[in-house]
Amino acid sequence: MAELGLDRLRELQEADQELRRLQGRKAAQDRSVRIRAEQIESHQQHIEAIRKKRHDARVKADLKEVEVRQKRADIERLKGQQLQIKDNRQYQILQNEIKFAELAIGKLEDDILNDYEDIETIDRELAQAQEELKQHQQELEALRRECEAKKDTVDAEIQTCRARRNEIAATLPPDVVRRFDRIADRLAGEALAAVILDEVEGTYVCAGCNMSVIQNTYVQLRGRIEKLVVCPNCTRILYLEDS
Ligand SMILES: [Zn+2]
């Protein structure tokens, strides 16, 4: 079997899987930084929404303040008119108008107080959200520093592993390596599978997909095979554990 380089293929698979694992680790680090950055962005949008809510509540209260001032001016004007009037009925009409205006002012002032309470609640919400944002930003910074510190080590490990993988690949026929790569890319780096005996069934199965392989496959692998034997089900390149 050595002539087909199955042992070398197994070494290639080992190096290939290690490389994939390292690359996966690097990608996971980058991903966690990205996810954290996205969380911060959505938190900032949340803070903007609170600020807008505060602004709207403030505008609402301010408009009521303007209304109160207008009504106070109205009352002054009505009182002035009262001074000019001799007719008792007319006087009473103005008095009623003043009373309505005063009632309206009282209602508006209650509303304004409520609005200010709302604004205070919003302010507390805003302060809390800002505090959380600060914390998230510190965490992101720490994560970035941690990733930055690990980056060189991981990159060096990847480089070493890739060199080793290429070294092994260079000892194998290029078409075999190409075939290996195709299967490995499709099956998350698992291009090879051992043929093992299913002791319950008493049949040989592909350890990659657990489907049984025909007896002939086992015989083929036992003998001097001239070409690669693949699992008919999952297409992994087959080998015998003790070969
Ligand atoms: Zn299989």
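These numbers were taken from a predicted model, which means no experiment stands behind them.

Asks: What exactly am I supposed to notice about the sheet that holds strand S2 (residues 203-206) here?
Replies: Working definition: the strands of a sheet are paired by backbone hydrogen bonds and lie parallel or antiparallel to each other. An order of S2-S1-S3 is seen for the three strands of this open sheet, with the pairing classed as mixed. Looking at the sheet topology across the chains shown, the edges are occupied by S2 and strand S3 (237-240). Ignoring strand direction, the axes of neighbouring strands in this sheet form an average angle of 40°. Relative to S2, strand S1 (residues 192-198) runs antiparallel, the two being bridged by four bridges. Bridge assignment links Leu197 to a residue of S2, and that residue is Tyr204. Most of the contacts of helix H4 (residues 215-222) go to S3, to which it runs at about 65°, and overall it touches S1, S2 and S3.

Asks: In this structure, what is going on with the environment of Glu241? I would like to understand it.
Replies: Along the chain, Glu241 falls in the segment after S3. With 46 residues separating them in the primary sequence, Glu241 and Val195 have C-alpha atoms 7.2 Å apart. Once residues lying within four places of it in the same chain are set aside, the contact partners of Glu241 are Ala194 and Ile196.

Asks: Would you mind going over the packing of helix H1 (residues 6-84) against helix H2 (residues 88-170) with me for this structure?
Replies: A pair of packed helices is characterised by two quantities: the angle between their axes and the separation of those axes. At a closest axis distance of 6 Å, the pairing of H1 and H2 adopts a crossing angle of 165°. Taken together, the axis directions place H1 and H2 in an arrangement best described as roughly antiparallel. In the packing of H1 onto H2, the handedness of the crossing is left-handed. Looking at side-chain class alone, the contact of H1 with H2 contains 36 nonpolar, twelve polar and 35 charged residues.

Asks: How do you make sense of the domain arrangement of the protein chain when you look at a structure like this?
Replies: The parts lose accessible area when they come together, and the size of an interface is often stated as this lost area. When its domains are assigned, the protein chain resolves into domain 1 (2-172) and domain 2 (178-240). On a C-alpha basis, the centres of domain 1 and domain 2 stand 54 Å from each other. At the junction of the two partners, domain 1 supplies nine residues and domain 2 supplies nine residues. Per-class residue counts for the side of domain 1 that touches domain 2 are four nonpolar, two polar and three charged.

Asks: Would you take a moment to explain H2 for this structure?
Replies: Because an α-helix packs 3.6 residues into every turn, residues spaced three or four apart end up facing the same way. Under the 1.5 Å per step criterion, the end-to-end length of H2 is 115 Å for 83 residues, consistent within 8% with the ideal 123 Å. Where H2 bends most, at Lys151, the angle is about 35°. Restricting attention to buried positions, one finds in H2 the residues Arg165, Ile168 and Ala169. For H2, the secondary structure elements touched by its buried residues are H1 and helix H3 (174-186).

Asks: Explain the environment of Leu126 to me, please; I cannot follow it from the model alone.
Replies: For Leu126, the position within the fold is in helix H2. Owing to 15 C-beta atoms within 10 Å, Leu126 belongs among the partly exposed residues under this scheme. Along the sequence, Leu126 and Glu48 sit 78 residues apart, while their C-alpha atoms lie 9.2 Å from each other. Leaving out residues up to four positions away in the same chain, Leu126 has contacts with Ile47, Ile50, Arg51 and Arg54.

What counts as what
- Residues numbered from 1 in each chain as written.
- Predicted model: local features only at pLDDT ≥ 70, side-chain atom pairs only at ≥ 80, totals over all residues.
- Pairing = 2+ DSSP bridges.
- Helix = DSSP H or I, 4+ residues; strand = E, 2+ residues; numbered from the N terminus.
- Axes fitted to C-alpha atoms, helices over the stretch in contact; angles between N-to-C directions.
- Contact = placed C-beta atoms within 7 Å.
- Parallel < 35°, antiparallel > 145°, perpendicular 65-115°, else oblique.
- Left-handed = near helix turned anticlockwise from the far one by under 90°.
- Nonpolar A, V, L, I, M, F, W, Y, C, P; charged D, E, K, R; others polar.
- Domains from an automatic or database assignment.
- Expected span 1.5 Å × (residues − 1).
- Bend = angle between axes of the 7 residues up to and from the residue.
- Buried ≥ 20, exposed ≤ 12 C-beta atoms within 10 Å, placed from the backbone.

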